[in-house]
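Letter by letter, the chains look like this.
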Amino acid sequence: DGGITQSPKYLFRKEGQNVTLSCEQNLNHDAMYWYRQDPGQGLRLIYYSQIVNDFQKGDIAEGYSVSREKKESFPLTVTSAQKNPTAFYLCASTGSGNYRYTFGSGTRLTVV
Amino acid sequence: GQQVMQIPQYQHVQEGEDFTTYCNSSTTLSNIQWYKQRPGGHPVFLIQLVKSGEVKKQKRLTFQFGEAKKNSSLHITATQTTDVGTYFCAGPRGSTLGRLYFGRGTQLTVWP
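Parameters and conventions
Going along each chain's sequence as written, the residues are numbered from 1 onward. Written order decides the labels, with chains lettered from A and ligands numbered from 1. Under the rules for a predicted model, residues below a pLDDT of 70 receive no local features and side-chain atom pairs below 80 are neither given nor counted, while totals for whole chains, interfaces and linings still include all residues. Remark: hydrogens and water are excluded; side-chain values derive from all non-hydrogen atoms of the structure. To sort residues, take the accessible area from a 1.4 Å probe on protein chains only and compare it with the maximum for the residue type: under 20% means buried, over 50% means exposed, and anything in between is partly exposed. Numbered from the N terminus, helices here are DSSP runs of H or I no shorter than four residues, and strands are runs of E no shorter than two. Between any two strands, pairing holds if DSSP finds at least two bridges. Comment: axis = line fitted to C-alpha atoms, over the contacting stretch for helices; angle = value between 0 and 180 degrees taken between N-to-C directions. Cavity and pocket criteria rest on a 1 Å grid covering protein atoms alone: a 1.4 Å probe that fits but cannot get out defines a cavity, protein on both sides within 12 Å along at least 5 of 7 lines defines an open pocket, and an atom within 4 Å of a point defines a lining residue. Grid points are joined across faces, edges and corners, and a volume is the space filled by probe spheres set on the points. The nonpolar class holds Ala, Val, Leu, Ile, Met, Phe, Trp, Tyr, Cys and Pro. Asp, Glu, Lys and Arg form the charged class, and all remaining residues, Gly among them, are polar.

A.B. asks: So what's going on with the pairing of strand S4 (residues 31-38) of chain A? Residues and values would help.
C.D. replies: Residues in a regular strand project their side chains so that they alternate between the two faces of the sheet. All names here are of chain A. Most of S4 is tucked away: eight of the eight residues are buried. Covered by surrounding structure in S4 are Ala-31, Tyr-33, Tyr-35 and Gln-37 together with Met-32, Trp-34, Arg-36 and Asp-38, the residues of both alternating faces. As defined by bridge partners, S4 adjoins strand S9 (residues 87-95) across seven bridges and the pair is classed as antiparallel. Pairing of Arg-36 across the sheet is with Tyr-89, part of S9. With seven bridges connecting them, S4 and strand S5 (residues 42-51) associate as antiparallel partners. Bridging across to S5, Tyr-35 finds its partner in Leu-45. In this antiparallel pair of consecutive strands, S4 and S5, the connection spans three residues, and Gly-40 shows a positive phi of 75°.

A.B. asks: Kindly report on the sheet that holds strand S1 (residues 4-7) of chain A, identifying the contributing residues and their values.
C.D. replies: All names here are of chain A. A sheet is described by the order of its strands in space; here four strands give the open sequence S1-S3-S8-S7, paired in antiparallel fashion. If you trace the sheet from one side to the other, it starts and ends with S1 and strand S7 (64-66), each paired once. With direction set aside, neighbouring strand axes in the sheet form an average angle of 20°.

A.B. asks: Tell me about the layout of surface pockets, residues and numbers included.
C.D. replies: Of the pockets and cavities examined, the largest pocket occupies roughly 480 Å³. Along the wall of the largest pocket there are 29 residues; nearest its centre are Gln-37 and Pro-39 of chain A together with Gln-37, Thr-86 and Gln-107 of chain B. Those elements giving two or more residues to the lining of the largest pocket turn out to be S4, S9 and strand S11 (107-111) of chain A together with strand S9 (85-92) and strand S11 (106-111) of chain B. Take the lining of the largest pocket: its biggest share by element is four residues, from S11 of chain B. Here the lining of the largest pocket is composed, by residue class, of nine nonpolar, 16 polar and four charged. Looking at the second largest pocket, its volume works out to about 290 Å³.

Here it is in structure tokens:
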């Protein structure tokens, strides 16, 4: 079955450490997105990529970085510059001409 | 600033009661999507509305898109405990196809 896989499901890191969240899809979707979810805040866009080797900042890109070297993969790095990284991170993708989001199951990051 | 407003933020109902969540945009939307997120889960696509005044039904769920394409609603008739979760509306943002702006969601609790 096609879908989006995010790993790990839970991640704990010490303050000041960079951490990379994995997002892989086998839907042959061109566009991929990273959202952050905090209680009562809804979903906020961090980065998105419409095509391989290209990506754009979303609303809250500061302290985050991404790469899109392969169509299937869109990893997100949470750097030490992100002031409040503890959150639920969701990766999503959309196919060409169909803008229904398919979400991964998310990664819950806790920084201590 | 936020372009898609969703109310209420929380709704608690007795099983069997009806439930409605409302979504309003400051600008005309080409389409609007609705998603459901179960507790501890990820958002799942429910429906997309495209036409002015469109009404779509999925069993006990009724979705409406306003005549001016600036507002939308989701109504659930005779709620069940399986309806528990957070319901999000989302509209396209800017000229970049596929980028969505999510409302903050309405968290529905259903008491048996």
